[in-house]
Amino acid sequence: MGRKLLLLGPPGAGKGTQAGHIAKLLGIPHISTGDMLRQAVAEETELGMQAKAIMEAGDLVPDDLVTALVIERLAQPDAACGYLLDGYPRNAAQADTLTNTYGDDVIDTAIAVDVESEELVRRILQRAKEQGRTDDTEDVVRNRLNVYQADTEPLIGYYRDRERLAEVDGVGSVDEVFGRIVEALR
Ligand code: ADP
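Treat the numbers as computed from the prediction; the structure is a model and nothing was measured.

Undergrad: I'm lost on the nonpolar core in this one. Help?
TA: Among the nonpolar cores identified, the biggest contains 28 residues, and Leu8, Leu74, Leu85, Ile107 and Tyr159 are the most heavily contacted of them. Where this core is concerned, the elements lending two or more residues are β1 (4–8), α2 (33–42), α3 (46–56), α4 (63–74), β3 (83–86), α5 (92–102), β4 (109–114) and α8 (154–161). With sequence-adjacent residues up to four places away left out, Leu8 is seen in contact with Lys15, Pro89, Ala110, Ile111, Ala112, Val113, Thr152, Leu155, Ile156 and Tyr159. Grouped together as the second largest cluster of nonpolar side chains are 21 residues, Ala19, Ile22, Val121 and Val141 included.

In structure tokens, the structure reads:
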């Protein structure tokens, strides 16, 4: 039986990179709602058009839209034996929906990657500068962090209460952090 994992962490924690490495190591699909939503925006689907401005402001897309996307994705055959969820659930309502729909075993381990917030702002603004991404203004970055702290961070307690939490220090090189995650998953 494959692992059913959730990667939790603030924007700028390097979640996407780590998720790719973990999924490859374990041979499970990496299911990223951020990637799926960005694809919908790029393809100008109805969902994409609803999500675009919300994402640009750093706010959360309505739960029912993202939940529908995830339920459809989890029904694909490649997700039958395990997956790594990245970006979903992102608030308590989404976590309850997931648990109520599939049961507690929908996540065997939630990996929380921990980085303090001033370091995150620094990293994200640096990346925006390097990539010429003018959309990542300081205001939007701070809003994303505030949304994370208000809505997503409480999920750490949610999975801790269910004894399904692994906490990992997210400061260090990509390889160092990956090593800690692999260790935590044993
Ligand atoms: P980051 O890794 O920078 O935090 P993501 O790539 O995971 O961002 O997501 C980008 C954006 O997509 C979020 O800021 C949010 O607007 C939207 N989004 C992604 N997942 C969800 C979700 N589960 N619920 C609501 N909105 C979401």
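Alright, that's what it looks like, and here's the rest.
Undergrad: Hey, could you run me through the sheet that holds strand β2 (residues 30–32) in this one?
TA: The strands making up a sheet associate through hydrogen bonds between their backbones, and the pairing can be parallel or antiparallel. Strand order in the open sheet formed by 5 strands is β2-β3-β1-β4-β5, and the pairing between neighbours is parallel. Only two strands of the sheet have a single neighbouring strand rather than two, namely β2 and β5 (165–169). In this sheet, neighbouring strand axes are inclined to one another by 20 degrees on average, regardless of whether the strands run parallel or antiparallel. Of the pairings in the sheet, the one linking β2 to β3 comprises 3 bridges and is parallel in character. In the sheet register, Ile31 faces β3, and the bridge partner there is Leu85.

Undergrad: Any chance you could explain helix α9 (residues 174–185) here in plain terms?
TA: Each α-helix winds once per 3.6 residues, and so residues spaced three or four apart point in a common direction. Here α9 spans 17 Å end to end across 12 residues, near enough to the 16 Å set by a 1.5 Å rise per residue. Buried within α9 we find Val177, Phe178, Ile181 and Leu185. Relative to the axis of α9, the buried residues are bounded by an arc of 100 degrees and lie together on one face. Elements in contact with the buried residues of α9: β1, α1 (15–26), β4 and β5.

Undergrad: What's the story with the packing of α2 against α3 in this structure? I'm lost.
TA: Two packed helices can be described by the angle between their axes and the distance between those axes. In contact at an axis separation of 8 Å, α2 and α3 are set at 115 degrees when each is read in the N-to-C sense. Relative to α3, the element α2 lies roughly perpendicular. The element α2 and its partner α3 pack so that their crossing is left-handed. For the pair α2 and α3, the contacting residues are Gly34, Leu37, Arg38, Ala40 and Val41 in the first and Leu47, Gly48, Ala51, Lys52 and Met55 in the second.

Undergrad: Help me understand the packing of α5 against α8 in this model?
TA: Interaxial distance between α5 and α8 falls to 9 Å at its minimum, and their mutual angle equals 35 degrees. Taking contact as the criterion, the partners of Ala92, Ala95, Asp96 and Thr99 in α5 are, on α8, Leu155, Tyr158 and Tyr159. Along the lines of polarity and charge, the residues of the contact of α5 with α8 split into 5 nonpolar, 1 polar and 1 charged.

Undergrad: Could you clarify how one ought to interpret a negative patch on the surface in this entry?
TA: On the surface, Asp114, Glu116, Glu153 and Asp169 cluster together to form a negatively charged patch. One can find Glu116 in the loop between β4 and α6 (117–130).

Undergrad: What am I meant to see in the pairing of β4 here?
TA: The element β4 is largely enclosed, with a buried count of 5 among its 6 residues. Across 4 bridges, β1 lies against β4 in parallel orientation. Paired with Leu7 across the two strands is Ile111, which belongs to β4. Sheet topology places β4 next to β5; 5 bridges connect them, and they run parallel. If you follow Asp114 over to β5, its bridge partner there is Asp169.

Undergrad: Is there a simple way to explain the side chain of Arg164 in this structure?
TA: Relative to the elements of secondary structure, Arg164 occurs in the loop between α8 and β5. On the accessibility criterion, Arg164 (17% relative accessible area) is buried. Side-chain polar atoms of Arg164 contact the backbone oxygen of Ile107, separated by 2.9 Å.

Undergrad: I keep staring at unusual backbone geometry and nothing clicks. Help me out?
TA: Negative phi is the rule for most residues except glycine; trans is the rule for most peptide bonds. A cis geometry characterises the amide bond from Tyr88 onward to Pro89, with omega recorded as -5 degrees. Examined against the element boundaries, Pro89 turns out to sit in the loop between β3 and α5. Its identity is not glycine, yet Glu44 carries a phi of approximately 55 degrees, on the positive side. Accessibility expressed as a relative area gives 59% for Glu44, which makes it exposed.

Cut-off values and rules
- Residues numbered from 1 in each chain as written.
- Predicted model: local features only at pLDDT ≥ 70, side-chain atom pairs only at ≥ 80, totals over all residues.
- Heavy atoms only, no water.
- Core = buried A, V, L, I, M, F, W, Y, C linked by side-chain atoms within 4.5 Å.
- Buried < 20%, exposed > 50% of the residue type's maximum accessible area, 1.4 Å probe, protein only.
- Helix = DSSP H or I, 4+ residues; strand = E, 2+ residues; numbered from the N terminus.
- Contact = heavy atoms within 4.5 Å.
- Pairing = 2+ DSSP bridges.
- Axes fitted to C-alpha atoms, helices over the stretch in contact; angles between N-to-C directions.
- Expected span 1.5 Å × (residues − 1).
- Arc of directions from axis to C-beta.
- Parallel < 35°, antiparallel > 145°, perpendicular 65-115°, else oblique.
- Left-handed = near helix turned anticlockwise from the far one by under 90°.
- Nonpolar A, V, L, I, M, F, W, Y, C, P; charged D, E, K, R; others polar.
- Patch = residues over 30% accessible without salt bridge, like charges linked within 9 Å, V, L, I, M, F, W, Y side chains within 5 Å.
- Areas by Shrake-Rupley, 256 points an atom, 1.4 Å probe, with all protein chains shown as cover.
- Salt bridge = Lys/Arg side-chain N within 4 Å of Asp/Glu carboxyl O.
- Lys, Arg positive; Asp, Glu negative; His and termini not counted.
- Charge placed at Lys NZ, Arg CZ, Asp CG, Glu CD.
- Polar contact = N/O pair within 3.5 Å; in protein donor to acceptor, adjacent residues only side chain to side chain.

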